[in-house]
Amino acid sequence: MRFAVSLLTLLGVASIIGTVLKQNEPYTNYIVKFGQFWFELFELLGLFDVYHAAWFLLILLFLVVSTTLCVLRNTPLMIKEWQVYKEHATEKSLRLFEHQATVASPLPATTLQTQLSDFLTTAGYRFKTKAQDNGDLLIAAKVGTHQRLGYIFTHVAIVVICFGGLLDGNLPLKVQELFGLKKIETRDVASRLVPADSRLGTNNLSFRANMTLPEGERDNVAFVRVRDGYLVQDLPFTVALKDFRIEHYATGMPKSFESDILITDPAVAKPIEATVRVNHPFIYKGIAIYQSDFQDGGSQLKFKLWDLSATKQAAFDIDGVILQKGALGEGAQKMSVEFNEFRQFNILNLSADGKGKPHNVGPNTTYKLRNASGQAREYMSYMQPLQLDGRAYFVSGMRETVADEFKYLRIPADDALEINGFMHLRQTLRNEQRIHDIASQVANQMPGNNAALKTQFEQSLQHLLLTFKQGGYSALSRIIEGAVPKDQREQAAQTYLKLLNRAALQGYQISRAERQLEPAPENQETVMFIQDSLNAMNDLFFYGTPYYFQLNDYTLKQASGFQLTRSPGQNWVYLGSVMLVIGIFAMFYIKERRLWLLIKPAQQEVLLAMSSNRKNMDLDQDFERVQQQVAAMLQPAA
């Protein structure tokens with residue numbers, strides 16, 4: 001018994017883990033979340049698919065067998081005990097009861113029998129009367145003996161629930177895998193290329209598989225994720241996604257989503273139309289189709305691609321499709337781009353103190369740039385400029401591994417909320433002829449007529465701009481550390497920054513003139529734009545790619561995620577759960593009482609005895625109450 005309770009406790013703990021820990025996720029997700037050490041330990045314990053773990057199924061099997069034997073052995077005895085009245089109890093045995101008492105009464109035996117029978121009937125007892133050889137009369141009564149059904153229901157419920165768990169645990173698949181008849185597929189190949197030993201037939205007893213369908217497409221297979229691979233589950237019908245709809249709250253958060261699907265079955269003349277919503281599955285041929293999630297199904301994206309390494313302003317339009325790849329550059333500089341994700345809505349809290357309300361900041365896209373050696377960096381770019389610290393920026397994140405957090409590049413938007421102002425300013429500050437022009441114009445703005453001093457200042461400014469062009473703030477810092485005493489470096493750095501900002505402002509005016517724009521007003525807003533631009537130029541040295549993808553437009557194409565389950569054990573688990581509840585309530589809330597009333601005419605008394613299968617304070621109180629009621633009832637009328 002204790003061993004069985006321990007196993008049930010272990011199953012309960014495992015079920016909690018299975019509920020808290022998201023099951024059957026790709027192994028990379030677990031490695032990122034827990035780290036390599038804990039991942040290997042949890043994987044060894046089977047916690048990533050705990051309901052199908054071998055040890056979990058073995059415990060279920062053991063409980064089914066052992067509890068079934070227990071029920072078969074004890075149920076006949078319980079039923080027999082439930083039916084008897086124990087009217088063969090003797091006076092000697094009754095007087096040995098802990099709860100027994102004698103009530104004197106001068107009333108005739110027939111009167112006593114009548115009154116006691118009425119009392120027992122009123123109190124809900126069933127009873128049987130038996131005359132004794134010495135003239136006494138024994139009334140054996142019982143109430144609440146249905147409590148024994150609680151034990152039977154509880155034990156049968158455990159068998160039924162564990163049996164349901166075994167059915168859904170797909171034990172046959174485990175056995176086939178053990179004997180090498182089924183192999184887990186780990187290759188990223190089309191489903192039609194998956195070999196037969198990695199496929200599950202349409203008669204598979206139970207499964208929980210996933211299917212992702214873009215709008216307008218159809219499929220007749222789903223994927224069962226198993227450890228670090230998958231199995232292909234063939235379906236007896238084809239599922240087509242006609243339309244996917246999603247509703248949002250005012251903040252842009254998803255409110256509800258649903259899919260219109262079309263079931264095509266060779267055994268049915270006409271296709272079956274259905275709508276699947278969250279928590280409202282469509283069940284066909286014993287397979288429940290749940291709406292599980294949604295994702296991008298191949299949205300078409302339009303970018304303006306800025307070549308950051310070009311000597312001249314270079315931006316051109318390119319197209320991309322989510323889940324597809326493209327190529328950039330040639331030769332050793334060739335890179336591949338993988339468009340991974342597009343999100344139409346992004347709910348962010350951009351307030352400076354973090355106490356503001358989150359709101360939708362517009363679309364973004366995530367992509368990977370992979371160089372010729374295969375090394376990849378992941379990027380995420382927002383389509384609209386984001387309002388940060390009261391100013392507008394084009395934001396793009398970069399990370400080298402999926403375990404890292406994104407490091408964000410902020411490119412300031414110009415007065416037209418475009419990126420052109422920054423890109424033209426950057427190109428101006430990278431052009432050596434423009435650098436010469438900038439230095440000359442700034443030097444000419446110096447007061448006085450000292451030509452030698454202006455020439456020296458002009459040369460210093462050119463050197464400053466060229467140094468920043470080659471290495472940003474880091475290059476300037478190295479020059480200061482090499483040429484300026486330590487106690488004067490802070491002052492020198494401030495001087496360099498002021499000169500750099502002044503030169504950049506002049507460069508901005510030159511770039512605007514080249515674009516035939518009015519000179520920018522030299523106010524605080526322009527100063528902050530120049531400062532943000534210099535910071536962004538410096539950050540580009542760490543951006544890790546010579547390309548900046550500016551998302552300009554998109555055509556959204558959604559894909560609906562379905563979970564398809566065949567779960568014959570589900571109804572068994574439901575049945576077992578109901579039986580378990582009934583059994584527990586029967587055991588805890590039905591009080592079994594057995595009451596014996598031995599009428600002794602010769603002694604003018606009645607021997608009262610009570611017992612129960614559970615001795616507790618309630619039994620003491622019930623016996624006391626019955627004793628008082630019988631004593632009062634058996635007294636002659638005044």
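What you see is a predicted model, and the numbers here were worked out from it, not measured in a lab.

Trainee: Lay out the overall build of the chain in plain terms, naming residues and giving numbers.
Mentor: What the chain contains, in helices and strands, is 14 helices and 26 strands. Expected size for 638 residues packed as a compact globule is a radius of gyration near 26 Å; at 42 Å, the chain overshoots this value by more than 25%. Taken along the three principal axes of its C-alpha coordinates, the chain extends 145 × 65 × 45 Å. Taken across its 638 residues, the chain has 41% of its residues classed as buried. Taking the contacts inside the chain whose residues are at least 6 apart along the sequence as the reference set, 62% of them involve residues at least 24 apart. Just so you have it, the chain exposes about 34600 Å², and 56% of that area is on carbon and sulfur atoms. Averaged over its 65 positive side-chain charges, the chain has a centre that lies 5 Å from the centre of its 63 negative ones.

Trainee: Hey, could you go over helix H2 (residues 27-45) for me, with residue numbers and the actual values?
Mentor: Taking 1.5 Å per residue, 19 residues should reach 27 Å; H2 reaches only 14 Å between its end C-alpha atoms and comes up short. If you check which residues of H2 are buried, you get Tyr27, Tyr30, Phe39 and Phe42. With its phi angle positive at about 75 degrees, glycine 46 sits one or two positions after the end of H2.

Trainee: Tell me about the packing of helix H3 (residues 54-83) against helix H6 (residues 147-168), and name the residues and values.
Mentor: It is at 8 Å that the axes of H3 and H6 come closest, and there the two elements cross at 155 degrees. Classified by the angle between their axes, H3 and H6 sit roughly antiparallel to one another. Like other packed secondary-structure pairs, H3 and H6 cross with a definite hand, here left-handed. Broken down by class, the residue content of the contact of H3 with H6 amounts to 19 nonpolar, five polar and two charged.

Trainee: Go over the sheet that holds strand S25 (residues 593-600) with me, naming the residues and quoting the values.
Mentor: Read from one edge of the open sheet, five strands run S1-S26-S25-S3-S2, paired in antiparallel fashion. The open sheet has two free edges, formed respectively by strand S1 (99-104) and strand S2 (126-131), since each of these has just one partner strand. On average, adjacent strands in this sheet sit at an angle of 15 degrees to one another, irrespective of strand direction. Across seven bridges, strand S3 (residues 137-143) lies against S25 in antiparallel orientation. From the neighbouring strand, alanine 141 faces S25, where its bridge partner is leucine 595. Set on the sheet, helix H5 (residues 109-122) makes contact with S2, S3, S25 and strand S26 (605-611); between it and S25 the angle comes to about 170 degrees. Of the strands in this sheet, S1, S25 and S26 touch helix H14 (residues 617-633), which is tilted by about 160 degrees from S26.

Trainee: Got a sec to walk through the UniProt feature "transmembrane region" (unreviewed entry) in the chain? Specific residues and values, please.
Mentor: Cross-referencing UniProt, the feature "transmembrane region" (unreviewed entry) maps to residues 50-72, 149-167 and 572-590 in the present numbering. Segment residues 50-72 splits into 83% helix and 0% strand. End C-alpha atoms: 30 Å apart. The straight-line gap between the two end C-alpha atoms of residues 572-590 is 26 Å; of that span, 95% is helix and 0% is strand.

Trainee: Account for the packing of helix H9 (residues 432-444) against helix H10 (residues 451-483), with residues named and values stated.
Mentor: Running from amino to carboxyl end, H9 crosses H10 at an angle of 140 degrees, the nearest separation of the two axes being 8 Å. With respect to H10, the axis of H9 lies oblique. The handedness of the crossing between H9 and H10 is right-handed. Counted together, Glu432, Ile435, His436, Ile438, Ala439, Ser440, Val442, Ala443 and Asn444 of H9 and Lys454, Phe457, Glu458, Leu461, Gln462, Leu465, Leu466 and Lys469 of H10 form the full contact between these two elements. Of the residues assigned to the contact of H9 with H10, the class counts are nine nonpolar, four polar and four charged.

Trainee: Residue-level account of the sheet that holds strand S23 (residues 547-555), with values.
Mentor: The strands making up a sheet are joined through hydrogen bonds of the backbone, oriented either antiparallel or parallel. If you trace the three strands from one edge of the open sheet to the other, you get S13-S12-S23, paired in antiparallel fashion. Strands at the two margins of the open sheet, each flanked by one partner only, are strand S13 (315-321) and S23. The mean angle between the axes of side-by-side strands here comes to 30 degrees, regardless of whether they run parallel or antiparallel. As paired strands, strand S12 (residues 300-307) and S23 are joined by eight bridges and run antiparallel to one another. Its bridge partner lying in S23, glutamine 300 is registered against threonine 555.

Trainee: Help me get a handle on the domain arrangement of the chain, residues and values and all.
Mentor: Along its sequence, the chain is organised into domain 1 (1-78 + 150-169), domain 2 (89-145 + 592-634), domain 3 (173-205 + 207-297 + 558-566), domain 4 (302-411) and domain 5 (423-519). Each of domain 2 and domain 3 has a C-alpha centre, and these two points are 67 Å apart.

Trainee: Tell me what's going on with the nonpolar core, and back it up with residues and numbers.
Mentor: Ranked by size, the top nonpolar core spans 54 residues in total, and within it Ile411, Tyr543, Tyr548 and Phe549 carry the most contacts. Residues from two domains meet in this core; each of domain 4 (302-411) and domain 5 (423-519) gives at least three. Look past the residues within four positions of phenylalanine 549 in its chain and what remains in contact with it is Phe303, Lys304, Leu305, Ile318, Leu328, Val337, Phe339, Tyr367, Leu369 and Ser381.

Trainee: Lay out the packing of aromatic side chains with the relevant residues and their values.
Mentor: A full pass over the atoms with the stated rule returns 32 aromatic pairs. With a centroid separation of 5.6 Å and 75 degrees between ring planes, the pair formed by phenylalanine 223 and tyrosine 230 is classed as edge-to-face. Overall, the relative accessible area of 14% leaves tyrosine 230 in the buried class. The ring of tyrosine 85 has lysine 142 sitting right over it, with the charged end atom 4.3 Å from the ring centre.

Trainee: How would you explain H14 if you had to name every residue and give the values?
Mentor: An α-helical turn contains 3.6 residues, so a residue and the one three or four places further along point in the same direction. With 17 residues, H14 should cover 24 Å at 1.5 Å per step; its first-to-last C-alpha distance of 25 Å lies within 8% of that length. Three or more residues of H14 are buried, namely Leu619, Asp622, Phe623, Val626 and Val630. Buried positions in H14, seen along its axis, are confined to an arc of 100 degrees and lie on one side of it. Exposed residues lying more than 90 degrees from the buried face of H14 are Met617 and Ala632. At its buried positions, H14 is contacted by S1, H5, S25 and S26.

Trainee: Quick one: what's the story with a nonpolar patch on the surface, residue by residue and with numbers?
Mentor: A cluster of nonpolar side chains, contributed by Phe37, Trp38, Leu41, Leu44 and Leu45, occupies part of the molecular surface with about 550 Å² of accessible area. Residue leucine 41 is classed as partly exposed on the basis of its relative accessible area of 33%.

Trainee: If you had to explain the side chain of serine 299 to someone new, which residues and values would you point to?
Mentor: For serine 299, the location among the structural elements is in the loop between strand S11 (287-296) and S12. At 3.0 Å, the side chain of serine 299 and the backbone nitrogen of lysine 557 are in polar contact. Not counting chain neighbours up to four residues away, the residues in contact with serine 299 comprise Gly320, Val321, Ile322, Phe342, Thr555, Leu556 and Lys557.

Trainee: I'd like to hear about unusual backbone geometry, residue by residue, with values.
Mentor: The backbone phi angle of lysine 285 is positive, close to 55 degrees, even though this residue is not glycine. Within the secondary structure, lysine 285 is located in the loop between strand S10 (282-284) and S11. Note on lysine 285: relative accessible area 42%, which makes it partly exposed. The backbone phi angle of glutamine 516 is positive, close to 60 degrees, even though this residue is not glycine. Structurally, glutamine 516 can be placed in the loop between helix H11 (489-514) and helix H12 (524-540).

What counts, and where the lines are drawn
Residues numbered from 1 in each chain as written. Predicted model: local features only at pLDDT ≥ 70, side-chain atom pairs only at ≥ 80, totals over all residues. Heavy atoms only, no water. Helix = DSSP H or I, 4+ residues; strand = E, 2+ residues; numbered from the N terminus. Rg over C-alpha atoms; globule rule 2.2 N^0.38 Å. Buried < 20%, exposed > 50% of the residue type's maximum accessible area, 1.4 Å probe, protein only. Contact = heavy atoms within 4.5 Å. Areas by Shrake-Rupley, 256 points an atom, 1.4 Å probe, with all protein chains shown as cover. Lys, Arg positive; Asp, Glu negative; His and termini not counted. Charge placed at Lys NZ, Arg CZ, Asp CG, Glu CD. Expected span 1.5 Å × (residues − 1). Axes fitted to C-alpha atoms, helices over the stretch in contact; angles between N-to-C directions. Parallel < 35°, antiparallel > 145°, perpendicular 65-115°, else oblique. Left-handed = near helix turned anticlockwise from the far one by under 90°. Nonpolar A, V, L, I, M, F, W, Y, C, P; charged D, E, K, R; others polar. Pairing = 2+ DSSP bridges. UniProt positions renumbered as here; feature names shortened; annotations may be inferred. Domains from an automatic or database assignment. Core = buried A, V, L, I, M, F, W, Y, C linked by side-chain atoms within 4.5 Å. Phe/Tyr/Trp six-rings, centres within 6.5 Å; stacked < 30°, edge-to-face > 60°. Lys NZ or Arg CZ within 6 Å of the ring centre and 35° of its normal. Arc of directions from axis to C-beta. Patch = residues over 30% accessible without salt bridge, like charges linked within 9 Å, V, L, I, M, F, W, Y side chains within 5 Å. Salt bridge = Lys/Arg side-chain N within 4 Å of Asp/Glu carboxyl O. Polar contact = N/O pair within 3.5 Å; in protein donor to acceptor, adjacent residues only side chain to side chain.

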